[in-house]
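# Per-entry structural report
Take a look at the letters that make up each chain.
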Amino acid sequence: MHLDNRTELLKDFQSAGRFIEKESKHGKALLAIDDSLVAREMYFERQVYMDTLVSSGRRSKLSKPVMAKYLKRLAYAYYDNDQAEGTTDILNKILAKEYRLPTLSRIECLMILGNLELNFQLPDRAISKYRRALSEITAQVEKNKPLVRSSIYNNIGLAHSRLNNPDSTIYYHRKAFNIRKKENSTYAMGQSLNNIGAMYYEIQAFDSALVYFEKGYHFRSVSSEATESSLAESWTNIGKTHFRLGNPTKAKELLEKSLEYCKRANNMAIMKRNYEILHELYASEGDLKAAYSALGNYYLVRDSLYGLEETKELLRSSYKQELREQALSDSLNRVANRKIFEEKSRREEVIKYGLGFALVGLLLILGLLLRNYRNKVRSNKQISQQKNSLEEKNDEIIGSITYAKRLQDAILPSEQSLNKHLPEQFVWYRPKDIVAGDFYWMHTSLEHTFFAVSDCTGHGVPGALVSIVCSNAMNRATKEFGLKETGAILDKTTELVLESFSESKENVNDGMDVSLIRLKDKTVQFSGAYNGLWIVSEDVKAITGQLQSNQFRVMEGEGKSLIEIKANRQPVGYYENRVPFNSIDLELNSGDRLFLFTDGFGDQFGGSDNKKYKTSKLKRFLLETSTQSILDQRLAIATEFEAWKGSNEQVDDVCIAGIEID
């Protein structure tokens with residue numbers, strides 16, 4: 001190919017299957033590339049030809065909208081060959097207004113930039129790019145390319161999973177799934193369900209993860225787009241979840257089946273995950289020979305992938321350094337421009353007042369600038385030292401609080417224990433900070449299951465410390481003192497909490513608001529400190545007939561109603577006019593649903609008027625969504641909270657538990 005001769009170069013491209021078209025506005029010859037040959041150049045990593053092509057277009061002074069067409073293709077070639085710098089340089093350039101990219105092309109460019117940010121471990125920046133892409137979607141794009149929005153939602157969900165935001169992750173993958181379901185895109189539906197399952201697996205909600213992994217596999221397997229790698233990934237996910245749920249035989253069958261597919265598709269990433277789980281599985285069964293073999297294969301595949309990962313890490317570091325250098329360059333340019341303006345002003349002063357006076361003034365100014373510069377350097381050094389010191393202390397504090405979260409998590413019942421003793425239930429728990437004042441608690445005996453949701457004084461570290469004191473007191477009341485009446489348990493808990501704080505020289509009046517229930521079959525006993533119990537039922541009279549008129553209030557709904565069982569108007573903790581806590585016994589029906597909660601949801605500011613959500617609105621929402629399954633209602637609660645809160649700060653810890661009577 002004649003790379004040095006533009007005329008011959010055009011002939012070479014034309015003879016290779018490319019064609020010449022005219023740019024009508026300027027009447028200049030323009031080289032246009034057909035898609036099949038672009039794909040070939042990208043495949044063989046021959047971007048040099050495309051670079052030359054674009055360079056020829058620049059020398060011909062083609063208009064920017066026309067050049068954008070070819071620059072975009074060049075950027076795609078860089079992107080497909082992992083050349084991040086070239087990709088970002090071109091895409092950021094052609095996104096400028098003067099290039100007048102078509103709407104769909106702008107969306108594609110923003111999505112690629114977001115994908116690069118995500119690959120380089122910058123999920124916050126990626127979300128910003130994806131949101132810009134969403135803002136570009138028009139009614140015409142929605143009509144012609146209905147799945148574009150779902151792809152962006154999918155990528156935002158992946159970014160939130162990197163930020164460890166499970167509720168937001170599930171929310172966006174669910175939105176992507178709904179669009180894909182409407183368009184009957186079965187393979188994409190399987191992808192969304194698999195992503196939701198992965199998030200549930202990460203938060204150790206293994207039952208839920210298994211449901212979504214199996215649904216995702218179903219949609220993938222019936223799709224004509226299914227690949228061996230995608231099916232292998234589904235079998236791996238289902239297999240490892242079976243292992244976590246205590247089904248090693250089923251897990252082994254699926255993981256070994258996945259390995260066969262991975263070997264055919266040469267997918268080492270999934271092979272590595274399979275060998276890692278199989279090593280753990282064989283070891284748990286005592287098959288040390290198989291475990292050793294799986295471990296050896298794991299290290300073999302991992303070492304094969306190590307070079308790729310090392311290269312990617314170098315690219316990530318380079319990319320982040322480029323971002324920093326770009327920011328520094330922009331800052332230096334602004335400083336340079338400001339100095340040019342100041343210099344121009346001084347020259348005008350020299351002309352106006354005379355060379356001699358200006359020279360003296362200039363010397364004075366330079367002296368002041370030098371002194372200010374030295375002072376600024378000294379101040380910046382001090383600020384930098386203080387900043388580094390604060391960052392180190394902040395990292396130490398965050399590290400300590402993060403470790404404290406592990407300790408606080410230890411007082412919460414595990415999901416396996418909850419599923420064993422309360423099969424139809426959910427707990428939606430969202431601390432405001434790393435650690436929380438809200439907590440949920442469970443105790444089981446031969447006859448009963450006790451469950452509580454509590455809101456301790458404060459949130460963050462102070463609230464977490466109080467929660468440990470209160471949780472320990474409830475454990476002592478049931479285990480050490482053997483109490484079974486819910487009212488007696490709260491009375492004894494109050495006594496133990498006050499005893500814990502009595503030795504302090506400070507006047508500590510902290511405590512908790514709590515809803516406590518005792519379950520046995522369809523019999524429920526309830527006691528509450530400020531926090532009541534809500535019951536959604538079709539048979540209101542059967543429940544209210546067991547109560548006195550001052551013990552409840554009812555919110556009517558269509559088919560079902562919500563009955564609020566009132567709590568004692570006193571906390572667990574110091575209170576002047578304390579009375580013994582009431583114990584209320586109820587017989588319920590199958591399908592009745594109980595809700596225990598703290599006040600964080602109702603107190604959250606948001607919505608169009610930036611007001612509190614309020615308890616009455618929460619009642620109505622729980623009543624309307626109680627026709628859904630337990631799992632779907634939990635997701636509906638998380639989605640409603642995110643939509644209401646919007647960009648506002650979360651004001652308090654939030655905890656809502658739902659239990660359905662079987």
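Here we summarise the structure given alongside this text. Just so you know, these numbers come straight off a predicted model, no measurement behind them.

Here is what the cut-offs are and how they apply
Residues numbered from 1 in each chain as written. Predicted model: local features only at pLDDT ≥ 70, side-chain atom pairs only at ≥ 80, totals over all residues. Heavy atoms only, no water. Helix = DSSP H or I, 4+ residues; strand = E, 2+ residues; numbered from the N terminus. Buried < 20%, exposed > 50% of the residue type's maximum accessible area, 1.4 Å probe, protein only. Contact = heavy atoms within 4.5 Å. Areas by Shrake-Rupley, 256 points an atom, 1.4 Å probe, with all protein chains shown as cover. Patch = residues over 30% accessible without salt bridge, like charges linked within 9 Å, V, L, I, M, F, W, Y side chains within 5 Å. Salt bridge = Lys/Arg side-chain N within 4 Å of Asp/Glu carboxyl O. Phe/Tyr/Trp six-rings, centres within 6.5 Å; stacked < 30°, edge-to-face > 60°. Lys NZ or Arg CZ within 6 Å of the ring centre and 35° of its normal. Pairing = 2+ DSSP bridges. Axes fitted to C-alpha atoms, helices over the stretch in contact; angles between N-to-C directions. 1 Å grid on protein atoms, 1.4 Å probe; cavity = no way out; pocket = protein on both sides within 12 Å on 5 of 7 lines; lining within 4 Å. Points joined across faces, edges and corners; volume = space filled by probe spheres on them. Nonpolar A, V, L, I, M, F, W, Y, C, P; charged D, E, K, R; others polar. Polar contact = N/O pair within 3.5 Å; in protein donor to acceptor, adjacent residues only side chain to side chain. Expected span 1.5 Å × (residues − 1). Disulfide = S-S within 2.5 Å.

Scanning the protein from N- to C-terminus turns up 23 helices and 15 strands. For the protein, the residues scored as buried account for 44% of the 662 residues in total. A sequence separation of at least 24 residues applies to 64% of the contacts in the protein between residues at least 6 apart. In the structure as shown, the protein presents an accessible area of about 35,600 Å², 51% of it carried by carbon and sulfur atoms.

Together, L363, I365, L366 and L369 make up a nonpolar patch on the protein surface, roughly 360 Å² of accessible area in all. Overall, the relative accessible area of 34% leaves I365 in the partly exposed class.

Once that is clear, we can look at the pattern of salt bridges. Under the counting rule described, the total for this entry stands at 21 salt bridges. The salt bridge involving K252 is made with E285; its shortest N-O contact spans 3.2 Å. Here the residue K252 occupies a position in helix 14 (residues 248-265), and E285 occupies one in helix 15 (residues 268-285), the gap between them amounting to 33 residues. Its relative accessible area of 38% is what places E285 among the partly exposed residues. A salt bridge links E564 to K619, with the nearest nitrogen and oxygen atoms 2.6 Å apart.

Next up on the list: the packing of aromatic side chains. In the structure shown here, the tally under the stated rule is 14 aromatic pairs. Ring geometry for W534 and F597: centres 4.0 Å apart, planes at 40 degrees, overall tilted. Residue W534 is found in strand 8 (residues 533-537), and its partner F597 is found in strand 12 (residues 593-597); the two are separated by 63 residues along the sequence. Residue classification places W534 among the buried residues on the basis of a relative accessible area of 0%. Here F601 and Y613 contribute two aromatic rings whose centre-to-centre distance is 4.8 Å and whose plane-to-plane angle is 70 degrees, an arrangement assigned as edge-to-face. In this pair, F601 sits in the loop between strand 12 and strand 13 (605-606) while Y613 sits in the loop between strand 14 (611-612) and helix 22 (615-625), placing the two residues 12 residues apart along the sequence. On the basis of relative accessible area, F601 is assigned to the buried category, the value being 1%. For the cation-ring pair, R264 lies above Y261, with the distance from its terminal atom to the ring centre recorded as 4.5 Å.

To continue, consider the sheet that holds strand 3 (residues 425-430). Here six strands make up an open sheet; going across it, the order is 3-15-12-8-10-9 and the pairing antiparallel. In this open sheet, the two edge strands, each paired with only one partner strand, are strand 3 and strand 9 (552-556). Strand-to-strand, the axes of this sheet are offset by a mean angle of 15 degrees, without reference to chain direction. Looking at chain direction, strand 8 and strand 10 (residues 561-565) are connected through five bridges and run antiparallel. Across the sheet, the residue bridging to S537 is S561, located in strand 10. Strands strand 8, strand 9, strand 10, strand 12 and strand 15 (654-660) of the sheet are contacted by helix 22, whose axis makes an angle of about 60 degrees with strand 9.

This part takes up unusual backbone geometry. Located in the positive-phi region is N184, a residue other than glycine, with phi close to 55 degrees. For N184, the position within the fold is in the loop between helix 10 (166-182) and helix 11 (186-202). Among the residues examined, N184 registers a relative accessible area of 58% and is labelled exposed.

Across the seven residues that make up strand 15, a large majority, six, are buried. For strand 3 and strand 15, the ladder comprises six bridges, and the chain directions are antiparallel. Of the residues in strand 15, the one forming a bridge with Y429 is C655.

All right, on to the sheet that holds strand 5 (residues 449-456) then. Read from one edge to the other, the open sheet built from five strands follows the order 4-5-6-7-11, with strand pairing classed as antiparallel. Here the strands that pair on one side only, and so sit at the sheet edges, are strand 4 (438-444) and strand 11 (584-587). The sheet shows a mean angle of 15 degrees between the axes of neighbouring strands, taken without regard to direction. Pairing between strand 6 (residues 512-520) and strand 7 (residues 523-529): seven bridges, direction antiparallel. Across the sheet, the residue bridging to L519 is V524, located in strand 7. Relative to the sheet, helix 19 (residues 460-480) contacts strand 4, strand 5 and strand 6, its axis offset from that of strand 4 by approximately 15 degrees.

Looking at the largest pocket, its volume works out to about 1,700 Å³. Every residue lining the largest pocket is counted, 47 residues in all, and those nearest its centre are I203, V427, Y429, Y440 and R634. Take the lining of the largest pocket: its biggest share by element is six residues, from strand 3. For the lining of the largest pocket, a count of residues per class yields 21 nonpolar, 13 polar and 13 charged. Taken as a whole, the second largest pocket encloses approximately 860 Å³ of empty space. Where the lining of the second largest pocket is concerned, the elements lending two or more residues are helix 9 (148-162), helix 10, helix 11, helix 12 (206-221), helix 13 (228-244) and helix 15. The class makeup of the residues in the lining of the second largest pocket is seven nonpolar, nine polar and eight charged.

The next point concerns the side chain of H160. Among the structural elements, H160 can be located in helix 9. Take H160: its relative accessible area is 10%, and that puts it in the buried class. Setting aside chain neighbours within four positions, we find H160 in contact with I127, R131, N165, S168, T169 and Y172.

Attention now moves to the environment of S161. Along the polypeptide, S161 turns up in helix 9. The class of S161 is partly exposed, set by a relative accessible area of 30%. For the pair S161 and P123, spaced 38 residues apart in the sequence, the C-alpha separation amounts to 9.0 Å. Non-local contacts of S161, meaning those with residues more than four positions away in its chain, are made with T169 and M199. At 2.5 Å, the side chain of S161 and the backbone oxygen of L158 are in polar contact.

This part covers helix 11. Between the first and last C-alpha of helix 11 there are 24 Å, a value that for 17 residues agrees with the 24 Å anticipated at 1.5 Å per step. With 13 of its 17 residues buried, helix 11 lies for the most part within the structure. Looking one or two residues past helix 11, Q204 carries a phi angle of roughly 65 degrees, positive in sign.

Attention now moves to the state of the cysteines. Scanning all chains against the criterion turns up zero disulfides. In this structure C456 is a free cysteine whose sulfur lies 4.0 Å from that of C470, the closest cysteine sulfur available.

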